[in-house]
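# Descriptive analysis of the structure
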Amino acid sequence: MVWLIGWVVFGLLIGLIARVLVPGEQQLGCLRTMLLGIAGSFVGGALGYLFQGGSLVQSSGWIGSLVGAVILLVICVRRGKFID
């Protein structure tokens, strides 16, 4: 159960930092921000796999997660998602 709480807190922090770094308006609540951070971790892990090898489905550290979350958020903002 502790690992689940860790993922929630980690995802929320990464999502909040990504939202601060990406300019523009994003209509995200706490749940979507948390999911953005968790998904960013897996995107960062996939990018790490491309550059370093290892497992394709892996999480990454703080920097990889942040890079993945920013990439996801930029894609969503440019496509018009999360904007009312």
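Structure: above.
The present account deals with the structure reproduced in this document.

## Some thoughts on the environment of L21
As for its position among the elements, L21 is in helix α1 (residues 2–21). Look at L21 and you get exposed, because its relative accessible area is 52%. A C-alpha to C-alpha distance of 9.8 Å links L21 and L73, two positions 52 residues apart in sequence. Residues in contact with L21, not counting those within four places in the same chain, are L66 and V70.

## Section: the environment of L35
Tracing the backbone shows L35 in helix α2 (residues 30–52). L35 sits 28 residues away from W7 along the chain, and the two C-alpha atoms are 9.7 Å apart.

## Observations regarding the packing of α2 against helix α3 (residues 62–78)
The interhelical angle for the contact between α2 and α3, taken along N-to-C directions, is 110 degrees, at an axis separation of 6 Å. Overall, the two elements α2 and α3 adopt an arrangement that is roughly perpendicular. Of the residues in α3, those touching α2 at L36, A39, G40, S41, V43, G44 and L47 are G64, S65, V67, G68, A69, I71, L72 and L73. Across the contact of α2 with α3, the residue classes break down as nine nonpolar, six polar and no charged.

## Here we look at the packing of aromatic side chains
The tally for this structure, following the rule as stated, stands at three aromatic pairs. Summarising the aromatic geometry, the rings of W7 and F42 are spaced 5.6 Å apart at their centres and angled 0 degrees between planes, so their arrangement reads as stacked. One end of the pair, W7, is in helix α1; the other, F42, is in helix α2, with 35 residues separating them in the sequence. Between F10 and W62, the aromatic rings sit 4.8 Å apart at their centres with planes inclined by 70 degrees, giving edge-to-face as the arrangement. In this pair, F10 sits in helix α1 while W62 sits in helix α3, placing the two residues 52 residues apart along the sequence. The structure contains a cluster of three or more aromatic residues connected by ring pairs, namely W7, F10, F42 and W62.

## So, the packing of α1 against α2
At a minimum axis distance of 7 Å, the contact between α1 and α2 shows a crossing angle of 95 degrees. With respect to each other, α1 and α2 are oriented roughly perpendicular. Judged by residue contacts, W7, V8, F10, G11, L12, I14, G15, L16, A18 and R19 of α1 engage C30, T33, M34, L36, G37, I38, S41 and F42 from α2. In terms of residue class, the contact of α1 with α2 is made up of 12 nonpolar, five polar and one charged.

Thresholds applied
- Residues numbered from 1 in each chain as written.
- Predicted model: local features only at pLDDT ≥ 70, side-chain atom pairs only at ≥ 80, totals over all residues.
- Heavy atoms only, no water.
- Helix = DSSP H or I, 4+ residues; strand = E, 2+ residues; numbered from the N terminus.
- Buried < 20%, exposed > 50% of the residue type's maximum accessible area, 1.4 Å probe, protein only.
- Contact = heavy atoms within 4.5 Å.
- Axes fitted to C-alpha atoms, helices over the stretch in contact; angles between N-to-C directions.
- Parallel < 35°, antiparallel > 145°, perpendicular 65-115°, else oblique.
- Nonpolar A, V, L, I, M, F, W, Y, C, P; charged D, E, K, R; others polar.
- Phe/Tyr/Trp six-rings, centres within 6.5 Å; stacked < 30°, edge-to-face > 60°.

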